[in-house]
Amino acid sequence: MFDQLRAFHRPTSVATALRLFAAERRAGGRGRFIAGGTDLVVQGDRSLRYIVDLTRLPLRYVKRRGGGWAIGATSTMADLERAPALRRLADGMVAEAAGTAGSPQIRNMATIGGNLANASPACDLGPPLLALDASVVIAGKGARRTVPLDRFFRGVHRTALNGGLLVEIVVPALPKAAGGRAAWSFQKLGRLQSDIAVVNAAAGVVLDKHGRCNWARIALGAVAPVPLRARRAEALLVGRAFDAAAIAAAAECAAQEARPVSDVRASAEYRREMSRVLVSRALTECLERTRRTR
Amino acid sequence: MNDLVIRVTINGEPKRWTVAPGDLLLDVLRRESYWGVKKGCETGECGACAVLLDGEAINSCLMFAAQADGRKLTTIEGIAARDQLDPIQEAFLDHGAVQCGYCTPAMVLCTKALLAHSPHPSEAEVREMLAGVFCRCTGYKKPVEAVLAASQAHAATPARPGAARTRAARRKGAKR
């Protein structure tokens, strides 16, 4: 399928990877970076002339940094599922999402960097990382750039990478729960849990000690060209008691913020309705989690 | 003209292969006569091409052969120790978990990887693992039973590092 490829590079540093890619580009033809290959190989682009492999770069790590977390771009979904730091982060929401990203073999290959750089509207890590206000670090000519995830996704399979290389994902310190409690939830609807999402969603809330919502994040996937923050729904929650009525209102609002399309997996109407259902489930799970630990 | 030379250790044996930049691992393995690696969907869905890469199950149809350079591969051909079947293979036979057999090598290898991480998996864990390998003959009842039985056999013989080493050494000796 890839018999037109003239070169396959396996650099061991980010600088070399960028240099090789630039040199190949000058020589002509299209090329790609590859890590797990689970999207690139399936896409089967016959116009590719060169590939620069990233799996030898020292980018396979999950670590605490400052009050937050840094995740190397070539960490696999299986790495994220098992990383103790991520199992504890945000009620395990990121580890849980990674655990639904395909079959066990796919999760041993697919990487967090690839999941984001491929920019599928249905990518499973998009909503939880959006809800955590994550950013991506992009290496390219000159200094590294840090781009907030909600400005990284530009359209279906379109990103702010602009020829750069996604090297790290940064999750900042969680919002302070000062006397109250924070809770998080990831939800996904697919034929099976490990199938591509028909709709996925993530939510996070911080409640004060009276149960009033101080801070909220709601993110949806597969219902717009890019994974989406439901900002109006978030605003509805802040400053009021976090109860069943608030959850129902926010879920309804989030469904109206979705811009779904019909395709082979679901109609736009179904996706909109399921956006409401998943946001409702996510927020309800958050509510249950805040009660459980009180 | 742009061929690459890769070195892999496959089923314990070091190999040196010449591959084209665009060769996928699945095609190279079959070209090198590892026919237990099956070609199914070629899009990462069916799992029939699963092999172990440094002990973890991957779909060889989604990996470029060049990426396997320097890594350790295990195919179904390397699972039995000489003429002694692996307990997982025994369990698949005992439970009638093999029908046409096309998905069986991948199921056995994925079971091997699961039991290495989780020696006593729940039925849900076993089903989740087997969901990565499509069986189109029947269903998953017999394979699930076989994997659970294999895990109990695993439990009955507690891992003794010394014993494992001896077995590995014996296998190595046989190959020479």
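Preceding block: the structure.
Keep in mind the model is a prediction, meaning the values are calculated, not measured. (Residues numbered from 1 in each chain as written. Chains lettered and ligands numbered in written order. Predicted model: local features only at pLDDT ≥ 70, side-chain atom pairs only at ≥ 80, totals over all residues. Heavy atoms only, no water.)

1. As for the pairing of strand E3 (residues 48–53) of chain A
Residue and element names in this part refer to chain A.
Reasoning step 1: The element E3 is largely enclosed, with a buried count of 5 among its 6 residues.
Reasoning step 2: The sheet contact formed by strand E1 (residues 7–9) and E3 spans 3 bridges and is parallel. Bridged to Phe8 within E3 is Ile51.
Reasoning step 3: Here strand E2 (residues 30–34) runs beside E3; their pairing, made up of 5 bridges, is parallel. Residue Arg32 lies in a different strand from E3, and its bridge partner there is Ile51. (Buried < 20%, exposed > 50% of the residue type's maximum accessible area, 1.4 Å probe, protein only. Helix = DSSP H or I, 4+ residues; strand = E, 2+ residues; numbered from the N terminus. Pairing = 2+ DSSP bridges.)

2. Focus: the packing of helix H3 (residues 104–117) of chain B against helix H4 (residues 123–130) of chain B
Residues and elements named next belong to chain B.
Reasoning step 1: Between H3 and H4, the least distance of the axes is 10 Å, while the angle of their chain directions is 135°. Overall, the two elements H3 and H4 adopt an arrangement that is oblique. In this structure, H3 meets H4 at a crossing whose hand is right-handed. Residues Met107, Cys110, Thr111 and Leu114 of H3 form the contact with H4, whose own contacting residues are Val126, Met129 and Leu130.
Reasoning step 2: Tallied by class, residues from the contact of H3 with H4 come to 6 nonpolar, 1 polar and no charged. (Axes fitted to C-alpha atoms, helices over the stretch in contact; angles between N-to-C directions. Parallel < 35°, antiparallel > 145°, perpendicular 65-115°, else oblique. Left-handed = near helix turned anticlockwise from the far one by under 90°. Contact = heavy atoms within 4.5 Å. Nonpolar A, V, L, I, M, F, W, Y, C, P; charged D, E, K, R; others polar.)

3. Focus: unusual backbone geometry
Residues and elements named next belong to chain B.
Reasoning step 1: One non-glycine residue, Asn11, adopts positive backbone phi at about 50°.
Reasoning step 2: Tracing the backbone shows Asn11 in the loop between strand E1 (4–10) and strand E2 (13–19).
Reasoning step 3: Looking at Asn11, the relative accessible area reads 12%, which means it is buried.
Reasoning step 4: One non-glycine residue, Asp54, lies in the positive phi region at around 50°.
Reasoning step 5: Secondary-structure assignment places Asp54 in the loop between strand E3 (50–53) and strand E4 (56–59).

4. Structural notes on the sheet that holds strand E6 (residues 135–139) of chain A
Residue and element names in this part refer to chain A.
Reasoning step 1: The sheet built from 5 strands is open, its strands ordered E4-E5-E10-E6-E7 with antiparallel pairing. Strands at the two margins of the open sheet, each flanked by one partner only, are strand E4 (62–65) and strand E7 (145–148). Between one strand axis and the next, the sheet turns through 30° on average, direction left out of account.
Reasoning step 2: With 4 bridges connecting them, strand E5 (residues 68–72) and strand E10 (residues 165–171) associate as antiparallel partners. Bridge assignment links Gly72 to a residue of E10, and that residue is Glu168.
Reasoning step 3: Sheet strands touched by helix H1 (residues 14–27): E6 and E10. Its angle to E10, the strand with the most contacts, is close to 140°.

5. Describing the environment of Asp23(B)
Residue and element names in this part refer to chain B.
Reasoning step 1: Examined against the element boundaries, Asp23 turns out to sit in the loop between E2 and helix H1 (25–31).
Reasoning step 2: Sequence-wise, Asp23 and Ala65 are 42 residues apart; in three dimensions their C-alpha atoms are separated by 5.8 Å.
Reasoning step 3: Side-chain polar atoms of Asp23 contact the backbone nitrogen of Ala20, separated by 2.9 Å.
Reasoning step 4: For Asp23, the side chain forms a polar contact with the side chain of Arg31, separated by 3.2 Å. (Polar contact = N/O pair within 3.5 Å; in protein donor to acceptor, adjacent residues only side chain to side chain.)

6. Remarks on the sheet that holds E1(A)
All names here are of chain A.
Reasoning step 1: Overall, parallel pairing links the 3 strands, which are arranged E1-E3-E2 in an open sheet. With partners counted over all chains shown, the strands left at the sheet margins are E1 and E2, one partner each. Within the sheet, the average angular offset between the axes of one strand and its neighbour, ignoring direction, is 20°.
Reasoning step 2: Seen against the sheet, H1 touches E1, E2 and E3 and runs at an angle of roughly 170° to E3.

7. A look at the environment of Asp91(A)
Residue and element names in this part refer to chain A.
Reasoning step 1: Note on placement: Asp91 falls in the loop between helix H4 (84–88) and helix H5 (93–98).
Reasoning step 2: With a relative accessible area of 28%, Asp91 lands in the partly exposed category.
Reasoning step 3: In sequence terms Asp91 and Thr159 are 68 residues apart; their C-alpha atoms lie 28 Å from each other.
Reasoning step 4: Other than its neighbours up to four places away in sequence, Asp91 contacts Arg181, Ala183, Trp184 and Arg289.

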